[in-house]
Amino acid sequence: MAGMAEKGTVKETIQIFARVKPTREETSKVYSVNNDEAAGASVEFVVPKDLGDGYVNNKLENYKFRFRRVFDQTAGQEEIFETIAQPVADRVLAGYNGTIFAYGQTNSGKTFTITGGARCYGDRGIIPRTLSYLYQHIIQDSTMVYTTHISYLEIYNNVCYDLLDRQLEACRLEDLPTVTIMHDSEQNIQLRNLSIQQSANEEEALNLLFLGDTHRMTAETLLNKASTRSHCIFTVYLCGRQPGSATVRRSKLHLVDLAGSERVNKMALGGQLLTEAKYINVSLHYLEQVIISLSESRAHIPYRNSLMTSVLRDSLGGNCMTTMISTISVDKTNLKESMSTCRFAQRVALIKNEAVLNEEEDPVLLIARLKRENQSLRDELAMVTGEPRQEQLTQDEIQKLEVQVKDFLDDADPEATLALGTDLRKIRRCFTLLKTIVSGLRQQLTIIQEKLGRATGTGNELTPLSAVATAPGPRLSMGKEEAFEIFMRDHEDRLTIEDNKAVLKQRYIEAKGLGVQVNKTRDSINELKKQLEMRRIQRADQDHPEEEEQDPVEAIILKQVEAEKKKFKSYIGDLKTLRTEIQHVQLLMERAKVKLQKDFKEWWSEETPGPQDSGAPSRLQTGRPSPNSKPSSPGRPGSGGHSLSYFPAHKQQEPYSHVPSATDLRSFVPKIQTMQTPSGDRPASSHQRGGSVPELTPQLRDLSSIKPADYSIPLTGDSRIDDDILAFVRARQNLLQRRDTPQQ
Ligand code: ADP
Ligand code: MG
């Protein structure tokens, strides 16, 4: 399928793969996977005849679809990465554009495959694994100098949003900056207003991914989970060149999570939602149109009909090596959609792309190189003609030299030179300048080392990172804090957070242990080196003849050094792996925290309607939160009643920030502690739901729903604080009441 047409051009059809999402249903009779066919692989469905027309009878019919490979339910994330993404990453490193896109109905595993699951490190998907792979290669390849940039955009309702905006604490998609598309005269597209951020290493790139994902999560509107209706495109821009060369290779890698491919007719939707579902469908419909036009080699390809097809223009029938992953669900109710996904893939497989090596001369680098050449020719000329020189350098010349030295030091190119010609005065002057700079740096280093020395004992280098995951945000008011603890106890993500916390703790211990081992090995290598030196001096003193065989003692020491070096290398490798895992888990926890805060805010605003929740984002009042934004198991009491110290750390203005901190308030109204009974004990089960007495003031209405014993809660007199306390009481009651209901 792939072939090199001419040097630097690869003609290839789009590669299609399928991945079956794990299910608990018995599905052995419904579908089968065969990966050992001469022509590749296939997945076959056995369904009632005419299922496609909605007419069902007892006859069965087989539908077979071919793929390059089909990953069945048990396939792991690493296998997916190695088979699908690694070859694409290799080509991107070689200077070709690459795209991997996931297509399938909502819930079929697109996000899980492209980004990964939020549960654990092993669930990380193609994006983080590809980043790891790319940066590993970049570090190891000393023949090239690379720069990497990243962008992350989301297309919803044909509007393009920048997910990497750092300025905004966006709570709605509409708060994110929008990106516009411009077509230049050669029909190339330019994305205006899209932030393309440099990321020097894996850590920075992962941070950007999580920043975008967090925006993506928090920007989901309540009524419609935008993520199922929007397309997300994560792009890595790679620029590589050989040191000293003006030829650069620029390549792009798009990793795309498309909107759910389900058709409108299957969705029981109405009103606003139907319009939106149709709209998204339109967007995928245009993708289909582009695919059909390409597969039939039509003259006109309607890329411009939608933003998504415009952005992915190169990936579809253009200068790109493209791979599609069809995510399918084999649950009986999803079979029709899954077959439609496979049918779509068969069309896609017909599309031919023509990827060219994106190599060009960088004019800036070219000019710099020519200038250098020009200067050295002048120098040579000066030498040959013996042009007279002053004894001393002029002030002007000295200043120029200073600039030159600065540029030289700033140049990232390891082979950069300081072109001074043959003028010895200039060479001497530059050495003096460099000496001054180095001694300044040495002084700074000593100061930093002293400071670091003082700081040891307060924690290792990982501490600041771990602090990120558990640092409390702005303190909440008393009522809200207590409610948050209850909410947290029952939240669906609590176990994941606790698991990850335990994993982190374990990894810190391991990292610390490894650190000790690394230091020990380093000391031991130094010790052995000293021994070796001593031995050599001794032998030199003893005046051994040159031709004598190698000293056996020296050989033993050298062997030991080698062994220690091996250990050292392996420890460093282990440390690096641990570091990546620790960072990933920390980011997972950070995201879980943001999700928790978001869910809590939604729940809180639902539980405490009225003037006191005016600080909640207005969108939260427009509808009920989605089911999973509530505690996942309202019918079950929390486990043991201990809660994690996660406090919402949102930078949005906290509506309760004017009240004293929780601890202040706690001492002010000590009785409120008695309200928090051990979990499982439900004192408020017989309470009437508050708010059923509309003629009362909010305060009285709250009080009317409290048992006589609860009247002992002293209020503070400050109406806003009191509102807050009462809101908590009411929210808690609602929660407890809801817990009761399902159990009866
Ligand atoms: P989509 O993005 O297509 O809507 P998701 O990737 O969000 O679907 O997957 C839906 C749910 O199924 C998520 O909870 C996800 O973690 C889970 N899931 C999907 N694929 C797998 C898989 N291969 N293994 C385990 N869980 C998966
Ligand atoms: Mg998704």
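Computed from a predicted model, the values in this text were never measured in an experiment.

The rules behind the values
- Residues numbered from 1 in each chain as written.
- Chains lettered and ligands numbered in written order.
- Predicted model: local features only at pLDDT ≥ 70, side-chain atom pairs only at ≥ 80, totals over all residues.
- Heavy atoms only, no water.
- Helix = DSSP H or I, 4+ residues; strand = E, 2+ residues; numbered from the N terminus.
- Buried < 20%, exposed > 50% of the residue type's maximum accessible area, 1.4 Å probe, protein only.
- Contact = heavy atoms within 4.5 Å.
- Areas by Shrake-Rupley, 256 points an atom, 1.4 Å probe, with all protein chains shown as cover.
- Salt bridge = Lys/Arg side-chain N within 4 Å of Asp/Glu carboxyl O.
- Near = heavy atom within 4 Å.
- Polar contact = N/O pair within 3.5 Å; in protein donor to acceptor, adjacent residues only side chain to side chain.
- Nonpolar A, V, L, I, M, F, W, Y, C, P; charged D, E, K, R; others polar.
- Core = buried A, V, L, I, M, F, W, Y, C linked by side-chain atoms within 4.5 Å.
- pLDDT = per-residue confidence, 0-100.
- Pairing = 2+ DSSP bridges.

Chemist: Explain the overall build of the chain to me, using residue names and the numbers behind them.
Modeler: For the chain, the count of helices and strands is 19 helices and 18 strands. Split into buried and exposed, the 744 residues of the chain put 46% on the buried side. Long-range pairs, those at least 24 residues apart, make up 75% of the contacts in the chain with a sequence separation of at least 6. In the structure as shown, the chain presents an accessible area of about 38700 Å², 53% of it carried by carbon and sulfur atoms.

Chemist: Before we move on, can you summarise the pattern of salt bridges with the specific residues and values?
Modeler: With the rule as written, the count across this model stands at 30 salt bridges. Here Arg-66 ties to Glu-37 by a salt bridge, and the two come within 2.3 Å at their closest N and O atoms. Here Arg-66, found in strand β6 (residues 60-67), pairs with Glu-37, found in strand β4 (residues 31-37); they are 29 residues apart in sequence, far enough to count as distant. Arg-66 gets classed as partly exposed once you look at its relative accessible area, which sits at 39%. Judged by relative accessible area, which is 17%, Glu-37 ranks as buried. The partner of Glu-296 in a salt bridge is Arg-347, and the shortest N-O contact between them spans 3.3 Å. One end of the pair, Glu-296, is in the loop between α6 (271-295) and α7 (307-311); the other, Arg-347, is in helix α8 (residues 335-348), and 51 residues separate them in sequence. Judged by its relative accessible area of 41%, Glu-296 is partly exposed. Taken together, the shared-partner salt bridges connect Asp-213, Arg-216, Asp-257 and Arg-591 into one network.

Chemist: I'd like to hear about the environment of Ile-16, residue by residue, with values.
Modeler: Along the polypeptide, Ile-16 turns up in strand β3 (residues 15-20). On the basis of relative accessibility, which here comes to 5%, the residue Ile-16 falls in the buried class. Each C-alpha atom of the pair Ile-16 and Met-324 lies 4.8 Å from the other, and the pair is 308 residues apart in sequence. In this structure, Ile-16 is in contact with Arg-66, Phe-67, Arg-68, Arg-69, Met-324, Ala-345, Gln-346, Val-348 and Ala-349, ignoring residues within four places of it in sequence.

Chemist: Could you give me a rundown of the site of ligand 1, with the residues and numbers involved?
Modeler: Around ligand 1, the structure places Arg-19, Lys-21, Pro-22, Gln-105, Thr-106, Asn-107, Ser-108, Gly-109, Lys-110, Thr-111 and Phe-112. Ser-108 is positioned such that a nitrogen or oxygen atom in its backbone is 3.2 Å from an oxygen atom of ligand 1. Between an oxygen atom of ligand 1 and a side-chain N or O atom of Thr-111, the distance comes to 2.7 Å. Considered on its own, ligand 1 offers 550 Å² of accessible surface; in the complex 66% of this is hidden by protein. With three residues, helix α2 (residues 110-114) is the single largest residue contributor to the shell around ligand 1. Of the residues contributing to the shell around ligand 1, the split by class is two nonpolar, six polar and three charged.

Chemist: Go over the nonpolar core, please, and point to the residues and values.
Modeler: Buried together is how nonpolar side chains tend to be arranged in soluble globular proteins. By size, the foremost hydrophobic cluster in this structure holds 47 residues, and its most contacted members are Phe-45, Phe-67, Leu-287, Leu-316 and Met-324. The greatest single-element share of this core, amounting to six residues, is contributed by α8. Among all residues touching Phe-45, those that are not within four sequence positions of it are Val-30, Tyr-31, Glu-61, Asn-62, Tyr-63, Phe-65, Ile-328, Val-330, Leu-335, Ser-338, Met-339 and Cys-342. Counting 45 residues, the second-largest nonpolar core is a separate cluster that includes Ile-138, Met-144, Cys-232 and Leu-255.

Chemist: Account for the environment of Asp-314, naming residues and giving values.
Modeler: Tracing the chain through its elements places Asp-314 in the loop between α7 and β16 (321-328). Separated by 215 residues in sequence, Asp-314 and Thr-99 place their C-alpha atoms 9.1 Å apart. If we skip the residues at most four places from it in the chain, Asp-314 touches Asn-97, Lys-252, Asn-319, Cys-320 and Asn-353.

Chemist: Describe the side chain of Thr-99, listing the residues and the values that go with them.
Modeler: With respect to the helices and strands, the residue Thr-99 is situated in strand β8 (residues 98-103). Looking at Thr-99, the relative accessible area reads 0%, which means it is buried. Among the polar contacts listed, one links the side chain of Thr-99 to the side chain of Ser-315, at a separation of 2.6 Å. Apart from the residues within four sequence positions on either side, Thr-99 is in contact with Val-88, Leu-253, His-254, Val-256, Ser-315, Cys-320, Met-321, Thr-322 and Thr-323.

Chemist: Let's hear about unusual backbone geometry: which residues, and what values?
Modeler: With phi around 75°, Asn-193 is a residue other than glycine that occupies positive phi space. Following the sequence through the fold, Asn-193 ends up in the loop between β12 (189-192) and β13 (197-198). For Asn-193, a relative accessible area of 52% translates into the label exposed. Phi at Ser-297 is positive, roughly 50°, even though this residue is not glycine.

Chemist: Mind laying out the confidence of the model for the chain, listing which residues take part and the relevant values?
Modeler: The predicted model of the chain averages 76 in pLDDT, with 70% of residues at 70 or higher. Under a pLDDT of 50 for its full length, residues 1-5 has, in the predicted model, 14 contacts with residues more than four places off or in other chains.

Chemist: Run through the side chain of Glu-202, naming residues and quoting values.
Modeler: Position of Glu-202 relative to the elements: it lies in helix α4 (residues 202-218). On the basis of relative accessibility, which here comes to 10%, the residue Glu-202 falls in the buried class. In contact with Glu-202, other than residues within four places in its own chain, are Ser-132, Tyr-135, Lys-576 and Thr-580.

Chemist: Tell me what's going on with the pairing of strand β14 (residues 231-241), and back it up with residues and numbers.
Modeler: Burial analysis of β14 places 11 of its 11 residues in the buried class, the great majority of the element. Side chains His-231, Ile-233, Thr-235, Tyr-237, Cys-239 and Arg-241 of β14 all project onto a buried face; the interleaved residues Cys-232, Phe-234, Val-236, Leu-238 and Gly-240 project onto the opposite face, where all are buried too. Note: strand β9 (residues 145-156) against β14, 11 bridges, orientation antiparallel. In the sheet register, Tyr-152 faces β14, and the bridge partner there is Phe-234. As judged from the 10 bridges shared by β14 and strand β15 (residues 247-257), these two strands associate in the antiparallel manner. Considered in β15, the bridge of Val-236 is made with Leu-253.

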